[in-house]
Amino acid sequence: MAEADSTTAEETLNQQTTETTDGFHIVIDALKLNDLNTIFGLVGIPITDLARLAQAEGMRFIGFRHEQHAGNAAAIAGFMTQKPGICLTVSAPGFLNGLTALANATTNCFPMILISGSSEREIVDLQQGDYEEMDQLNAAKPYAKAAYRVLHAEDIGIGVARAIRAAVSGRPGGVYLDLPAKLLAQTLDAVKAQQSLVRVVDAAPRQLPAPESVKRAIDVLKSAKRPLILLGKGAAYAQADAEIRAFVEQSGIPYLPMSMAKGLLPDTHEQSASAARSFVLQEADVVVLIGARLNWLLAHGKGKTWGAEPKKFVQVDISPTEIDSNVAIAAPVIGDIGSCVAALRAGLDAGFAKPGAEWTGAIAERKNKNLAKMAATLEKNPSPMNFHSALRAIRDVLKTRPDINVVNEGANTLDYARSIIDMYEPRKRFDSGTWGIMGIGMGFAIGAAVTSGKPVVAIEGDSAFGFSGMELETICRYDLPVCTIIFNNNGVYRGTDVNPTGGKDVAPTVFVKGARYDRMIEAFGGVGYNATTPEELTKALLEAIASGKPTLINAVIDEAAGTESGRLTNLNPQSAAMKK
Ligand code: ADP
Ligand code: TPW
């Protein structure tokens, strides 16, 4: 028997020496083994064959016209699925283009992995001037949650596993994986290669909150007279939708969704305090933050926005270092949102009373007043259209299709759409996020369409759209059901600035007047519409959605509508000369 066994081992060894594989195949096998089946990228040396092979092996490769948008698509796929989105780029410039998206993903807590080919280490490290030479690993480090380089083919499996874990465990973020050209060409015994692969088990383990932190939080809640729940995009990411809804409803506490948490509960929910936002932020005495940071989007938890009333904060987050980042947190609850919210809900015992009518009634009164005011503004029909009349038309169409993904960027276009367009389902709204960045539009739209298989409506300022406009070709090439609506007011913020010198150059914020963005998509076989009234916009949008085809609506907006920086004017200090 012993002899027979050793013969078998020898045979296996022989087999091992006859069949080989290479770095290209091992990367693909490692991704597929972990159910990562889509790559967003842009080809070139040294990763063209990696993309070809990925497709040949049954993965989906979505090729972009610029890496930043491939990266944004990967990031939003990560947000939607809790699996890291994969972006593949070439060395140096391609990598740097992708790095913006990686940094944005890390900033927003979206899990993604940027895989870049890189040049020869020996040459890069001696700075001898290789093709696309760059020390990418070190360039990536400050902007990524983690960064790894793989030098040996037998380490690819481990490298991919580490990248996956780093991207999705704890606070999610962007991970950089550096694959030098030489690695991809390395050969390895096929059996050994197979054995080197790692299927990641429980990549983002549940993290249960400590019972004493839950008790502390419940005690703070019990002391509240005017409690408020604030849901952030971490709560949307966590996919604990039913638990969160149950907590909100069982506690009876009014809530505010941050923009990408809209739809976690339908915006029409009676406990939504969105229409009384300023009032509840000022008046609340206890605020429960669930997956939302007290950054600039929440005025850092202090100042006028938060009123004179002293606040006590309960903060549910997976990242312990987020606590006390801006103001003192009375009751941190550290863990994954599903587990934390379940524990809080279980703590709503007999000693907890729902907020009284004095608080909920005051909110309802504000809400009704503000809603009536907004309804009057929305009803107006100025010519040309303004942001409100155009958004009314879009709102009424989207109301009938709660399954549609909404992408949104711009200044005024973002501000107004955020409050006017209601969301009804979780993880359907994707926008400029934590950085207030322009340029996510077409990347997010493509990522959302590919990931969900559902239509996307991208509501874009004309400036915002320009950052990713060439990806219209990508949308047409993959025949994606994306309808892009350009709020065309001839410029950044608005189109009315003039050059004070009377010179030939237009003002810094001004674009070509009367541009026809609808004609851009026609160049690639998509359908363009030009809409100058709400009725035309409604008709175009209905038709666009029904077609399920790539479409673009040029919505002509009054160039005098809108304010500088939307409603962020206070963050845009003007020089004394400009104020005159
Ligand atoms: P918003 O911009 O909507 O206010 P932020 O991006 O500022 O939201 O905050 C998201 C927060 O959610 C981050 O602090 C992050 O650590 C946290 N987070 C993300 N995923 C989870 C999760 N699964 N469980 C707990 N906290 C999470
Ligand atoms: C990467 C600065 C903020 S908002 C904006 C810019 C350029 C465009 C506003 O005009 P738009 O919208 O899109 O026409 P609207 O609705 O007001 O007419 N570069 C990056 N990110 C940001 N945020 C900027 C510049 C900016």
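Residues numbered from 1 in each chain as written. Chains lettered and ligands numbered in written order. Predicted model: local features only at pLDDT ≥ 70, side-chain atom pairs only at ≥ 80, totals over all residues. Heavy atoms only, no water.

A. Quick look at the UniProt feature "domain: Thiamine pyrophosphate enzyme N-terminal TPP-binding" (unreviewed entry) in the protein chain. This chain's UniProt record puts "domain: Thiamine pyrophosphate enzyme N-terminal TPP-binding" (unreviewed entry) on residues 23-137. This span, residues 23-137, is 51% helix and 17% strand, and a straight line between its end C-alpha atoms measures 19 Å. (UniProt positions renumbered as here; feature names shortened; annotations may be inferred. Helix = DSSP H or I, 4+ residues; strand = E, 2+ residues; numbered from the N terminus.)

B. Focus on the nonpolar core. Ranked by internal contacts, the top residues of the largest apolar core, which has 93 residues, are Leu31, Phe40, Ile113, Ile156 and Phe430. Not counting the four nearest positions on each side in its chain, Phe40 is found in contact with Ile62, Phe64, Ala70, Ala73, Ala74, Ala77, Ile86, Cys87, Leu88, Gly447 and Val450. If you look at the next biggest cluster of nonpolar residues, it comprises 32 residues, including Ala390, Leu391, Val397 and Ile545. (Core = buried A, V, L, I, M, F, W, Y, C linked by side-chain atoms within 4.5 Å. Buried < 20%, exposed > 50% of the residue type's maximum accessible area, 1.4 Å probe, protein only. Contact = heavy atoms within 4.5 Å.)

C. Up close: the domain arrangement of the protein chain. Segmenting the protein chain into domains produces domain 1 (17-196), domain 2 (211-363) and domain 3 (380-578). Taking the mean C-alpha position of each, domain 1 and domain 2 sit 38 Å from one another. In this assembly, 15 residues from domain 1 lie in contact with eleven residues from domain 2. For the pair domain 1 and domain 2, the summed buried surface comes to about 1,000 Å²; carbon and sulfur atoms form 53% of the total. Considering only the side of domain 1, the residues that lose the most area to domain 2 are Phe79, Gln82 and Arg171, jointly responsible for 59% of the buried surface there. Connecting domain 1 to domain 2 are one salt bridge. Here Arg171 makes a salt bridge to Glu322, at a shortest N to O gap of 2.8 Å. (Domains from an automatic or database assignment. Buried area = accessible area lost by both parts, 1.4 Å probe. Salt bridge = Lys/Arg side-chain N within 4 Å of Asp/Glu carboxyl O.)

D. Main features of helix 13 (residues 241-251). Every buried residue belonging to helix 13 is among Asp241, Glu243, Ile244, Ala246, Phe247, Val248 and Ser251, and all of these are buried. Packing partners of the buried residues in helix 13 comprise helix 11 (211-222), strand 9 (227-231), helix 12 (233-237), strand 10 (255-257), strand 11 (286-290) and helix 15 (337-346). Positive backbone phi, at 70°, marks Gly252, one or two positions downstream of helix 13.

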